[in-house]
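Structural overview for review
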Amino acid sequence: MGGGARPTMMRYLLRRTAILIASLAVASVLIFAVIEIVPGDPATTMLGINARPDTVAALREELGLGRSAPVRYLDWVGGMLRGDFGTSYTYRTPVAGMIADRLWVSLPLALIALALSTAIAFPAGIYAAARRGRAGDAGVTLATQAGIAVPNFWFAMILVLVFSINLGWFGAGGFPGWGAGPWPALKALVLPAVALALPQAAILTRVMRSALIETLGEDYIRTARAKGLTRGQAIRRHALRNALIPVLTILGLQFAFLLAGGIIIEQVFYLPGLGRLIFQAISARDLIVVESVVMLLVFAVILVNFLVDLAYAAVDPRLRAR
């Protein structure tokens, strides 16, 4: 990287970091307002309208609701920065510990599903783009339409029926924990990861195909073909890199979605992940857990978008000057 490129990249990094911090600040204010201010009294929301006044008063005291909203917000944000997410009202345990336990399920599940989605989508998208208008392209398009149209919980039920009930290769649900060993734990995540990955792979394949077809119509690709490169060589050497920007966008959005584990998928397979945690917290009206998990997921979305922006700059250096 030349001397002029370093300051440009540094300015780009500083701008994106400032946007990251500003986005987190705005998101935290909105989440706090929606959960603790807009509904009214959080204690009444958590206990229900039929709760006794003395019980509501005790919970208000426990949650520190007698303080002003700005003070409570700053205390909440400061606690998160220190790793203190508060204590769950329902389970009476630190929320940080609950999130950490569930994250060890949701994060590997998301990474496995994203890896499967990418491993399916990249070859399929390139194959379809290279055979545009031919039978192979039509077959891939038909398969992706089916993948997008069919809900992931339907895939989950079919996978359980085939691979758990009929073949007995995998368990129908549950998670043994990493203490049982890497293979039993990973084996429990295979079917949920496949159920999550298939619809995402269909979306990513469509994006990859469209981006490549658009890139293949550019003048520099025609020039490369005129110089003797085959269609496959032109794709590998020139088109693929330039088609990656929209694909990276979808990958970033998919990871943020997959991190929540698809609440329905975690319910189908009884996985103790973040998605199931937030579902249980909403059902129990445990606003402390809901607030913390939602903020964590929003942070994951914003952080992934930040990393995608950096990947953009690596793929297309022209973006650094914007």
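As the structure is a prediction and not an experimental result, all values here were calculated from the model. (Residues numbered from 1 in each chain as written. Predicted model: local features only at pLDDT ≥ 70, side-chain atom pairs only at ≥ 80, totals over all residues. Heavy atoms only, no water.)

**A look at the nonpolar core**
Most often, soluble globular proteins have nonpolar side chains that are buried together. Which entries qualify depends on this criterion: Remark: nonpolar core denotes a set of buried residues (Ala, Val, Leu, Ile, Met, Phe, Trp, Tyr, Cys) joined through side-chain atoms within 4.5 Å. Remark: exposure states derive from per-residue accessible area (1.4 Å probe, protein chains only) relative to the maximum for the residue type, with buried under 20%, exposed over 50%, and partly exposed in between. Secondary structure elements are defined from DSSP: runs of H or I of at least 4 residues count as helices, runs of E of at least 2 residues count as strands, and each element is numbered from the N terminus. Residue ranges assigned to each domain were obtained from an automatic or database domain assignment. Whether two residues touch is decided by their heavy atoms; if any such pair falls within 4.5 Å, the residues are in contact.
In this structure, Trp 76, Ile 99, Phe 175, Phe 269, Leu 271, Leu 277 and Val 293 are the most contacted members of the largest nonpolar core, which totals 72 residues. The dominant element in this core, judged by the number of residues it contributes, is helix H8 (residues 182-216), at 14 residues. Shared between two domains, this core holds at least three residues of each, these being domain 1 (9-95) and domain 2 (101-317). Excluding its chain neighbours within four sequence positions, the residues that come into contact with Leu 277 are Met 98, Ile 99, Arg 102, Val 289 and Val 293.

**Looking at helix H6 (residues 135-149)**
For clarity, the threshold we go by: The span expected for a helix works out to 1.5 Å for each residue beyond the first. Directions pointing from the helix axis toward each C-beta atom define the arc.
With 15 residues, H6 extends 21 Å between its outermost C-alpha atoms, agreeing within 8% with the 21 Å of an ideal straight helix rising 1.5 Å per residue. Turning to H6, its buried residues are Gly 136, Asp 137, Val 140, Thr 144 and Gly 147. Along the axis of H6, the buried residues cluster in a sector spanning 95 degrees; they form a single face. Within H6, the exposed residues directed more than 90 degrees away from the buried face are Ala 135, Leu 142 and Ala 149.

**Description of the packing of helix H5 (residues 95-130) against H6**
The criterion, for reference: Interaxial angle, 0 to 180 degrees, is taken between N-to-C directions of lines fitted to C-alpha atoms, where a helix line uses only the stretch in contact. Comment on the angle field: the value is read as roughly parallel under 35 degrees, roughly antiparallel over 145, roughly perpendicular from 65 to 115, and oblique elsewhere. Each crossing gets its handedness from the near helix: less than a right angle anticlockwise from the far helix is left-handed, clockwise is right-handed. Each residue is assigned to one class: nonpolar for Ala, Val, Leu, Ile, Met, Phe, Trp, Tyr, Cys and Pro, charged for Asp, Glu, Lys and Arg, and polar for all the others, Gly among them.
For the pair H5 and H6, interaxial distance at closest approach is 7 Å and the crossing angle is 140 degrees. In terms of orientation, H5 and H6 fall into the oblique class. Both H5 and H6 take part in a crossing whose hand is left-handed. Across the interface between the two elements, Ala 124, Tyr 127 and Ala 128 from H5 touch Gly 136, Asp 137 and Val 140 from H6. The residue makeup of the contact of H5 with H6, split by class, is 4 nonpolar, 1 polar and 1 charged.

**Thoughts on the pattern of salt bridges**
Cut-off, in case you're wondering: A pairing counts as a salt bridge when a side-chain nitrogen of Lys or Arg comes within 4 Å of a carboxyl oxygen of Asp or Glu.
Evaluated as defined, the whole model comprises 1 salt bridge. Across the pair Asp 137 and Arg 209 runs a salt bridge, and its minimum N-O distance is 2.7 Å. Taken together, the residues span a long stretch of sequence, with Asp 137 in helix H6 and Arg 209 in helix H8 at a distance of 72 residues.

**Thoughts on a nonpolar patch on the surface**
In plain terms, the rule: A patch is a set of surface residues, each over 30% in relative accessible area and not in a salt bridge, joined within 9 Å for like charges and within 5 Å for the nonpolar side chains Val, Leu, Ile, Met, Phe, Trp and Tyr. Areas reported here follow the Shrake-Rupley algorithm with a probe of radius 1.4 Å; residue values treat only the protein chains shown as occluding.
Judged by side-chain polarity, Phe 153, Trp 154, Met 157, Ile 158, Leu 161, Val 162, Ile 165, Leu 167, Trp 169 and Ile 264 come together as a nonpolar surface patch covering roughly 930 Å² of accessible area. At 7 residues, helix H7 (residues 152-166) tops the list of elements feeding residues into the nonpolar patch. Tracing the sequence through the fold places Val 162 in helix H7.

**Some remarks on helix H11 (residues 244-259)**
The end-to-end C-alpha distance of H11 is 22 Å, a good match for the 22 Å that 16 residues give at a rise of 1.5 Å each. Inspection of H11 places Leu 244, Val 247, Leu 248, Leu 251, Gly 252, Gln 254, Phe 255, Ala 256, Leu 258 and Leu 259 among the buried residues, and these make up the whole buried set.

**Examining the UniProt feature "transmembrane region" (unreviewed entry) in the chain**
Note the threshold: UniProt positions are given in the numbering used here, feature names are shortened, and annotations may be inferred rather than shown by experiment.
Residues annotated in UniProt with the feature "transmembrane region" (unreviewed entry) correspond here to residues 12-35, 103-130, 142-165, 185-204, 243-265 and 293-315. Helix makes up 100% of residues 103-130 and strand 0%. Its end C-alpha atoms lie 39 Å apart. As annotated, residues 142-165 comprises 92% helix and 0% strand, and the C-alpha atoms at either end are separated by 29 Å.

**Overview of the side chain of Arg 102**
To be explicit about the condition: Counting rule for charge: Lys and Arg are taken as positive, Asp and Glu as negative, and neither His nor the chain ends is counted.
Structurally, Arg 102 can be placed in helix H5. The charged side chain of Arg 102 is buried without a salt bridge, its nearest counter-charge being Glu 266 at 6.3 Å. If sequence neighbours within four positions are ignored, Arg 102 has contacts with Pro 272, Gly 273, Leu 274, Arg 276, Leu 277 and Gln 280.

**Quick word on the packing of aromatic side chains**
To be explicit about the condition: Between rings of Phe, Tyr and Trp, where Trp is taken as its six-membered ring, a pair exists when centres lie within 6.5 Å; planes separated by under 30 degrees are stacked, by over 60 edge-to-face, and by other angles tilted.
Under the definition given, this model contains 6 aromatic pairs. Ring geometry for Trp 154 against Phe 155: centres 5.9 Å apart, planes inclined by 70 degrees, an arrangement best described as edge-to-face. The class of Phe 155 is buried, set by a relative accessible area of 15%. Within the aromatic cluster, the residues linked to one another by ring pairs are Phe 32, Tyr 73 and Trp 76.

**Some details on the layout of surface pockets**
If a probe the size of a water molecule is rolled over the atoms, the empty space left behind becomes visible. Note the cut-off: Of the two site types, the cavity is a set of points on a 1 Å grid over the protein atoms alone where a 1.4 Å probe fits but cannot get out, and the pocket is an open set with protein on both sides within 12 Å along at least five of seven lines, each lined by residues with an atom within 4 Å of a point. Grid points are joined across faces, edges and corners, and a volume is the space filled by probe spheres set on the points.
Counted as a void, the largest pocket has a volume near 480 Å³. Residue contributions to the lining of the largest pocket reach at least three from each of two domains, namely domain 1 (9-95) and domain 2 (101-317). Roughly 310 Å³ of volume is contained in the second largest pocket. Taken together, Ile 21, Leu 24, Ala 25, Ser 28, Val 77, Met 80, Leu 81, Phe 85, Met 295, Leu 296 and Phe 299 make up the full set of residues lining the second largest pocket. Going through the elements one at a time, helix H1 (5-37), helix H4 (69-81) and helix H14 (287-315) are the ones with two or more residues in the lining of the second largest pocket. When residues of the lining of the second largest pocket are assigned to their parent elements, the largest contribution, 4 residues, is made by H1. Of the residues assigned to the lining of the second largest pocket, the class counts are 10 nonpolar, 1 polar and no charged. Residue assignment places the lining of the second largest pocket across two domains, with domain 1 (9-95) and domain 2 (101-317) each supplying three or more.

**Side note on the packing of H8 against H11**
Two elements in contact, H8 and H11, have axes separated by 9 Å at closest approach and are oriented at 165 degrees. Put simply, H8 runs roughly antiparallel to H11. Here the hand of the crossing between H8 and H11 comes out right-handed. In this structure, H8 uses Leu 196, Gln 200, Ile 203, Leu 204, Val 207, Met 208 and Ala 211 to contact H11, whose residues at the interface are Leu 244, Pro 246, Val 247, Ile 250, Leu 251, Gln 254, Phe 257 and Leu 258. For the contact of H8 with H11, the class distribution of residues is 13 nonpolar, 2 polar and no charged.

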